[in-house]
Structure formats: structure tokens, C-alpha cells
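Single-letter residue listing:
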Amino acid sequence: MNETETRKPDFDFENFTFGVQSTDRMLLAAYQKGEWTEYRIAPVQSISLSPLAMCFHYGQTVFEGLKAFRMTDGKINIFRMESHWKRMNRSLERMAMPPLPRTLFMDGILELLKMESDWVIDDPDYSLYIRPFVIATENKLGVDASQEYLFMVVLSPMRAYYNKPLKVKVETDYIRSARGGAGAAKNGGNYGASLLPQINAKKEGFDQIIWLDAKEKKYIEESGTMNILFILNGNTLVTPALSDSILDGITRDSLLKLASEEGFTVEERQVAIEEIVERIENGERVEAFGAGTAAVISPIETISYKGKSHATYLEPDAGMYRLKNKLSAVRKGMNPDTYGWNQLLDA
Ligand SMILES: *Cc1c(COP(=O)(O)O)cnc(C)c1O
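Sequence order as written defines the numbering, with residues in each chain counted from 1. Thresholds applied to this predicted model are a pLDDT of at least 70 for local features of residues and 80 or more for the giving and counting of side-chain atom pairs; totals over whole chains, interfaces and linings are not thresholded and use all residues. Hydrogens and water molecules were not included; the side-chain quantities draw on all heavy atoms of the structure.

(A) Highlighting empty space enclosed by the protein. Points on a 1 Å grid, built from protein atoms alone, make a cavity when a 1.4 Å probe fits but cannot get out and make a pocket when they are open with protein on both sides within 12 Å along at least 5 of 7 lines; residues with an atom within 4 Å of a point are the lining residues. Grid points are joined across faces, edges and corners, and a volume is the space filled by probe spheres set on the points. Within this structure, the stated rule accounts for 1 cavity of 30 Å³ or more. Taken as a whole, the largest cavity holds about 80 Å³ of empty space. As for the largest cavity, its lining consists of L66, K67, F79, H84, I250, T251, T293, V296, L327 and R331. Grouping the amino acids of the lining of the largest cavity by side-chain chemistry returns 5 nonpolar, 3 polar and 2 charged. Basically, the charged four are Asp, Glu, Lys and Arg, the nonpolar ten are Ala, Val, Leu, Ile, Met, Phe, Trp, Tyr, Cys and Pro, and anything else, Gly included, counts as polar.

(B) Geometry of the packing of aromatic side chains. Two rings belonging to Phe, Tyr or Trp (six-membered ring only in the last case) form a pair when the distance between their centres is within 6.5 Å. Interplanar angles under 30 degrees mark stacking, angles over 60 mark edge-to-face geometry, and anything in between is tilted. Counted according to the given criterion, the structure contains 13 aromatic pairs. Taken together, a centroid distance of 5.4 Å and an interplanar angle of 55° make the contact between F11 and W119 tilted. In this pair, F11 is assigned in the segment before β1 (25-32) and W119 in the loop between α2 (102-115) and β7 (126-136), connecting sequence segments 108 residues apart. Each member of the pair, F11 as well as W119, is classed as buried. Through a chain of ring-to-ring contacts, three or more aromatic side chains come together here, namely F11, F13, F16, W119 and Y126. Whether a charge lies above a ring is judged from NZ of Lys or CZ of Arg, which has to be within 6 Å of the ring centre and within 35 degrees of the ring normal. A cation sits over an aromatic face here: R331 above F79, 5.8 Å from the ring centre. We count a stretch as a helix when DSSP gives it H or I for four or more residues in a row; a strand needs E for two or more, and each element gets its number in order from the N terminus. Burial here depends on accessible area, computed with a 1.4 Å probe over protein chains only, as a share of the maximum for the residue type. Under 20% is buried, over 50% is exposed, and the range in between is partly exposed.

(C) How the structure looks around the site of the ligand. One heavy atom within 4 Å of a molecule or strand is enough for the residue carrying it to be called near that molecule or strand. If you check the shell around the ligand, you find 14 residues, and the closest are K186, Y191, E222, T251 and T293. Pairs of N or O atoms are called polar contacts if they sit within 3.5 Å, as long as, within protein, a hydrogen donor faces a hydrogen acceptor (for residues adjacent in sequence, only side-chain-to-side-chain pairs). Within the side chain of K186, a nitrogen or oxygen atom sits 2.8 Å from an oxygen atom of the ligand. Between the ligand and the protein, one listed contact pairs an oxygen atom with a backbone N or O atom of I250 at 2.8 Å. Per-residue accessibility takes into account occlusion by the displayed protein chains alone, with areas from the Shrake-Rupley method and a 1.4 Å probe. When the free accessible area of the ligand is taken as 380 Å², the share hidden by the protein chains comes to 95%. A class-by-class count of the residues in the shell around the ligand yields 4 nonpolar, 6 polar and 4 charged.

Written out as C-alpha cells, the structure is:
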């Protein structure tokens, strides 16, 4: 592929499956002898690794997920890029992997996006998903922290589809993460371990799982690979307080800030599953939804706990839709960017 070639004209932006197609170029940088080398941007290609490479054996892999949008004024916005860089470094630290310098992450991704800007089309339902990741590449079978790593970034088109409200099951056997574990890091192993419980729940007719705390199996932690939030009585936003077993979601954080602005009472605290179930059974209005970069919010329709299903509030006037629209308006540049969340690129 030369500088001007692109597969974009052949890509059907209306109809595609998320995550199976990348754009034309990727970013690569290696970590050797204690430092990160200059990044390079190259055509998307397969990489060659020795079967002894440590990423194949001991799980030193960390990733991020963020999005670029075309704003109403034509600029490209990479939403909360700096927060994603900081979180990636927290994940890397937990996995005994070297941090990424700010310039490598920020300048590298901005340059890649500049070259791939044609893939950020102007469509309200479209975004370009950015997947930075780091893998251990030292060739060594002894269990140890790798001395060599590879940082890569790939881009993949994404379309917001109507997300059907989810039927979720409270998982009472498996856990996602325990206190002292690595649940707050976006490392590959957390996701591998969640697949079997997820598949089992699907077989039972559920779309998703609610994870409980590992110790008492009493307090709600997350839903699938999203944070979970509740709106009680239309005016109080409640979400599990962060800990080392909960991923510090940037969507969660954004929604909490916007909810305060909107006049909601915001509570970050322990949320017992019994409390939520009792409130619903007492006829209180309870909204429940997942929050994450991919879908922003995923409304939950029923929560099944110990074999009994409990229906949440889903009417069009639900507060979660108001918060989602408010967040979208900031990202698109239609509302003021009070918190400096938008990283803009003229391209
Ligand atoms: C990525 C992720 C989230 C959501 O984080 P965002 O920054 O909002 O995308 C929540 N939970 C888990 C387990 C995650 O991996």
C-alpha cells in the first residue's frame, strides 16, 4: 500500500459488523532496553512473534477503548483521550508493564487519526473506535515480567444501533474480580474469565450478567463489561463506589458529572442487590443501565435474581435517556465542553 491508497471506497459504512474490519493503517512502537522507541505508522499487517513470546503464556496484555467522532463543525473529536491514557497507565502498572509516555499515546494516536481521517465520516450514528493495546514480547518461558513489549493501535468503524433493553441475570456462582485482584485493570485475562459465565447466561435466555462482590455475594459490582448505574425515583443516581475490583469507567465518570449538573442527587456507595430488588417490589421507580464507551448506555429491562425476574422503569421519560443525550451533545460539540473532555483534531 502506498501513501494515498485506501480501502475506504469499498467499505459499506451502512452495513457492517463491528470489530472485524480495521482502517488502512496502524501504529506500532516497541519497548526495549528499558525504553519506548519512536512510534511508526504502517499499513495494517500481521505481526510475527516467537511462540516463546510471553504474551502467549502469562497474560501481560492491556488494552483501551475510545472513540473519535466527526463534530458538527467538521473537526474530529477524540473523547476524553487524556483520561484513557491515564487509565491505560494504571492498568499497565497493575500488570507490571511499563507506562506509555504521554507523547507516544497522544501524539501517536492523533497522527494516526490524521492519516485515517477519511474513516471518520459525518454521520450522527457513526464513530471510529480506537483500540490501543500493549503485549509482552520477550521470548522466555519462565514466569516473570517481560523486558520487551509492543504497543499498537488499530482503528475500527462502529455504528450506534438501537440497543434493545437487556434481560440481565445476577450471577451468584462465578465472580469477575475480587478485592486485591486485577479487576480495575483492562487486562485481557479479566475478559477471558468472564466468557463462560456469559455463555451460560445466554443459554438460560439472558443477555448479560450482573456481577456481585466476591466476598459476600451481596453487593453489585458491574454488568458484563460495563459499569452499572441506577436512577431511583427519577431523581437519584446511584452506582457502586469504585474499588480495585471495579473498572473505573470513563463513561460512568462522565455521566455522574452530567447528572449532578442536571440536578440529580449522585450517590457512589455500596449497592446491595437486595436493596434494588426490594425497591422494585415495593413499586418504586427504578431505572437500571450499563455504561461504557461502546454503547454509552445500555438500558436494562429485567433483573433476574435467584430465579425471580424484576422489571425496571423504561418509559421514554427515563432519566438515563436524558443523560445519554446530554453526553452525546457534548461529544458532538452541540453543548459546551465544560470539563475539557474533547480532544480536537483539524483533519
Ligand atoms: C472498559 C470497561 C468499562 C467501561 O469503561 P469506559 O471507559 O466507560 O468505556 C466498564 N467495565 C469494564 C469491565 C470495562 O472493561
